[in-house]
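A look at the structure
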Amino acid sequence: MPQNNSIDNLFSLRTNGDALIIAGPCSAETEEQVLLTAHEIAKCKKVKLFRAGIWKPRTAPGNFEGVGERGLDWLKKVKQQTSLLTTTEVATPEHVEACLKNKDSVDVMWVGARTTANPFSVQALADALKGIDIPVMVKNPLHPDIKLWAGAIERLKKAGIKNIAAIHRGFSPFEDTSLRNIPKWELAIEIKSIFPEMLVINDPSHISGKTEYIPEIAQKALDLNLDGLMIETHINPDKALSDAKQQLTPKVLLQLLQSLKFRKSSLNNSEFLNKLDQYRDQIDSIDYQMLELLSKRMDIVKEIGKYKLNNNVTIFQLKRWLNISLTRKEFGETIGLDQQFIKRMLKLVHRESIRQQTEINNKE
Ligand code: PEP
Ligand code: MN
């Protein structure tokens, strides 16, 4: 009988601990496919949780929609035969009930991107989970609405779910892009800032859409100190009934996990911490200087605003703006700043200047 991983361990906040690695097929298709994949994945001790969708939300009807409840038996066998814990997607209260009824089949449930986007569905899941001590992972909604993502997590918290993790699977681009979903990393960081105690796991498979982009996305997630990875893995990806292009073979998964750089989120070493503090003192001082300069700049912007108003001249001056853009970009480059960064920063400052001057006009 294999020694099973402990759930408590899985969801305890990773400080300097290991990243939580989740792997398994997009969909459970046959018992053989599930067990072969699980046994191969279990060879890598880094993987703790086996994923497989048995109810599949598909964007268009007519595609493979999952094997349904009988897949739970296969997950149970994964648990019996390997050291892996299991997770599957639930989208309705009936799915939740089926998982709970089939004891020892599912350790962790996850809420998919299409469900997170619908507060009615999330509330129905939260109601079905009331009083039940099972961990739940919440994928981000398809569109980049942080409030909807955080709201879904709140609903589950209110239902008494103690162990909740977020899964960052990227956001629908609404047009053809090389990545299947736009990462918008800042939102993964934002959800972490809203719920600092919660694990945020990256799903490079759904962001990438193609296996070739997975290593880069996964490494970026680790470098941003996200708490784990969920990677779709199939014993025979070419024959997969869903998401064939983005699934790795277990062999490639193992190679990937060996080549990724798992860094520590910090170092408990006084020499390192002292040096870091010194650098940060310098950054702090520069930040305050920058803010003071910006404030001085805004004072002059306001003076100019009054001057333009008194002389009945428009706020926006195209020629001046084009000149500012060009000269600052040219100068910035000579001192090693990135062109795109300068462009974005100038736009932000210019927008604020216009806002300030508009306020002066409105007071008139
Ligand atoms: C999945 O994990 O297979 C899935 C359907 O993902 P998402 O909800 O992120 O689209
Ligand atoms: Mn999938």
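Residues numbered from 1 in each chain as written. Chains lettered and ligands numbered in written order. Predicted model: local features only at pLDDT ≥ 70, side-chain atom pairs only at ≥ 80, totals over all residues. Heavy atoms only, no water.

Thoughts on the pattern of salt bridges
Cut-off, in case you're wondering: Salt bridges are counted wherever a side-chain nitrogen of Lys or Arg sits within 4 Å of a carboxyl oxygen of Asp or Glu. Secondary structure is summarised from DSSP: a helix means a run of H or I of at least four residues, a strand means a run of E of at least two, and numbering begins at the N terminus for each. Burial classes follow relative accessibility: with a 1.4 Å probe on protein chains only, a residue under 20% of its type's maximum area counts as buried, one over 50% as exposed, and anything between as partly exposed.
Within the structure shown, the criterion is met by 13 salt bridges. The residue lysine 79 makes a salt bridge to aspartate 107 at a minimum N-O spacing of 2.9 Å. Of this pair, lysine 79 sits in helix α3 (residues 71-81) while aspartate 107 is found in the loop between α4 (93-101) and β4 (108-111), placing the two residues 28 residues apart along the sequence. What makes lysine 79 buried here is its relative accessible area of 10%. Residue lysine 306 is joined to glutamate 303 by a salt bridge in which the shortest nitrogen-to-oxygen separation is 3.4 Å. Remark: glutamate 303 and lysine 306 occur in helix α12 (residues 270-310); sequence separation between them is three residues, near one turn of the helix. Within this structure, Glu352, Arg355 and Glu359 form a network of salt bridges that share partners.

Comments concerning the coordination of the manganese ion (ligand 2)
Heads up, the rule is: Excluding water, the donors of a metal are its N, O and S neighbours within 2.8 Å, or within 3.2 Å for Na, K and Ca, and that exclusion means sites may look incomplete.
Looking at the manganese ion (ligand 2), the protein donor atoms are Cys26 (SG), His206 (NE2), Glu232 (OE) and Asp243 (OD), and they sit 2.1 to 2.4 Å from it. Counting along the primary sequence, the residues that act as donors to the manganese ion (ligand 2) give the motif C-x179-H-x25-E-x10-D. Of this pair, glutamate 232 sits in strand β8 (residues 228-232) while aspartate 243 sits in the loop between β8 and α11 (250-259), and the two are eleven residues apart along the sequence. In this structure glutamate 232 comes out as buried when scored by relative accessible area, which is 1%. Under the relative-accessibility criterion, aspartate 243 is labelled buried at 17%.

Examining the packing of aromatic side chains
Worth spelling out the cut-off: Classification of ring pairs rests on two measures: the distance between centres of Phe, Tyr or Trp rings, Trp counted by its six-membered ring, which must be within 6.5 Å, and the angle between planes, read as stacked under 30 degrees, edge-to-face over 60 and tilted in between.
All chains considered together, the criterion is met by one aromatic pair. With 6.5 Å between their ring centres and 75° between their planes, tryptophan 149 and phenylalanine 171 make a pair best called edge-to-face. Here phenylalanine 171 lies in the loop between β6 (164-168) and α8 (185-194) and tryptophan 149 lies in helix α7 (residues 146-158), a separation of 22 residues in the sequence. Accessibility classification places tryptophan 149 together with phenylalanine 171 in one group, the buried group.

Brief notes about the site of ligand 1
The criterion, for reference: We call a residue near a molecule or strand as soon as one heavy atom of that residue lies within 4 Å of the molecule or strand. Whenever a nitrogen or oxygen atom comes within 3.5 Å of another N or O atom, the pair is scored as a polar contact, on the condition that within protein one atom can donate a hydrogen and the other can accept it, and that pairs from neighbouring residues in sequence are kept only if both atoms are in side chains. In these tables, accessible area is a Shrake-Rupley quantity obtained with a 1.4 Å probe, and a residue counts as shielded only by the protein chains included in the view.
For ligand 1, the full set of nearby residues is Cys26, Arg51, Lys56, Glu89, Trp110, Gly112, Ala113, Arg114, Lys139, Arg169, His206 and Glu232. In this structure, an oxygen atom belonging to ligand 1 sits 2.8 Å away from a main-chain N or O atom of alanine 113. In the environment of ligand 1, an oxygen atom lies 3.3 Å from a nitrogen or oxygen atom belonging to the side chain of histidine 206. Protein chains shield 97% of the accessible area of ligand 1, which is 290 Å² for the free molecule.

Details of the sheet that holds β4
Adjacent strands of a sheet form backbone hydrogen bonds with each other and so pair up, either parallel or antiparallel. Let me state the cut-off plainly: Here, a strand pair is defined by DSSP locating no fewer than two bridges between the strands. Helix axes are fitted only over the stretch in contact, all axes being lines through C-alpha atoms; the angle between N-to-C directions runs from 0 to 180 degrees. When checking whether two residues touch, look at their non-hydrogen atoms; a contact exists if any pair is within 4.5 Å.
If you trace the eight strands once around the closed barrel, you get β1-β2-β3-β4-β5-β6-β7-β8, paired in parallel fashion. Here the strands of the sheet are splayed against their neighbours by 25° on average, with no regard to which way each runs. Relative to strand β3 (residues 85-89), strand β2 (residues 47-51) runs parallel, the two sharing three bridges. By the bridge assignment for β3, phenylalanine 50 is matched with threonine 86. Strands in contact with α8 are β6 and β7 (199-202); relative to β7, the strand with the most contacts, it is inclined by about 160°. Sheet strands touched by α11: β1 (20-24), β2 and β8. Its angle to β8, the strand with the most contacts, is close to 155°.

With respect to the environment of valine 90
Of note, valine 90 is situated in the loop between β3 and α4. Given a relative accessible area of 1%, valine 90 falls into the buried group. Taking the C-alpha atoms as reference points, valine 90 and glutamate 40, 50 residues apart in sequence, are found 25 Å from one another. In contact with valine 90, other than residues within four places in its own chain, are Trp55, His95, Val96, Cys99, Met109, Trp110, Val111 and Leu125.

Quick look at the domain arrangement of the protein chain
Defined as follows: Boundary definitions for the domains trace back to an automatic or database domain assignment.
Split into domains, the protein chain comes out as domain 1 (7-259) and domain 2 (270-362). The gap between the C-alpha centroids of domain 1 and domain 2 is 42 Å.

Let's talk about α3
Heads up, the condition is: Within this analysis, the arc is defined by the directions that extend from the helix axis to the C-beta atoms.
Buried residues of α3: Gly71, Leu72, Trp74, Leu75, Val78 and Lys79, and no others. For α3, the buried positions fall inside an angular range of 160° around the axis, keeping them on one side.

Describing unusual backbone geometry
Even without a glycine there, the phi angle at lysine 184 is positive, about 45°. Looking at the element boundaries, lysine 184 is found in the loop between β6 and α8. Lysine 184 sits in the partly exposed class, given a relative accessible area of 30%. In this structure, asparagine 225 takes a positive phi of about 70° despite not being glycine. Locating asparagine 225 in the fold gives a position in the loop between α10 (214-223) and β8.

Comments concerning a negative patch on the surface
For clarity, the cut-off: Any residue with relative accessible area above 30% and no salt bridge may belong to a patch, with like charges joined within 9 Å and the nonpolar Val, Leu, Ile, Met, Phe, Trp and Tyr side chains within 5 Å. Charge counting follows a simple rule: Lys and Arg are positive, Asp and Glu are negative, and His as well as the terminal groups are ignored. The location of each charge is read from NZ of Lys, CZ of Arg, CG of Asp or CD of Glu.
Judged by side-chain charge, Asp277, Asp281, Asp284 and Asp287 come together as a negatively charged surface patch. One can find aspartate 281 in helix α12.

Things to note about the side chain of lysine 139
The topology assignment puts lysine 139 in strand β5 (residues 136-139). Among the polar contacts listed, one links the side chain of lysine 139 to the side chain of aspartate 203, at a separation of 2.9 Å. Lysine 139 has contacts with Arg51, Trp110, Val111, Gly112, Ala113, Thr116, Trp149, Ile167, Arg169, Asp203, His206 and Met230, leaving out every residue within four places of it along the chain.

Things to note about a nonpolar patch on the surface
A surface patch of nonpolar side chains, about 490 Å² in accessible area, is lined by Phe331, Ile335, Leu337, Phe341 and Met345. By the element assignment, isoleucine 335 lies in the loop between α13 (318-334) and α14 (339-363). Residue isoleucine 335 is classed as exposed on the basis of its relative accessible area, which comes to 52%.

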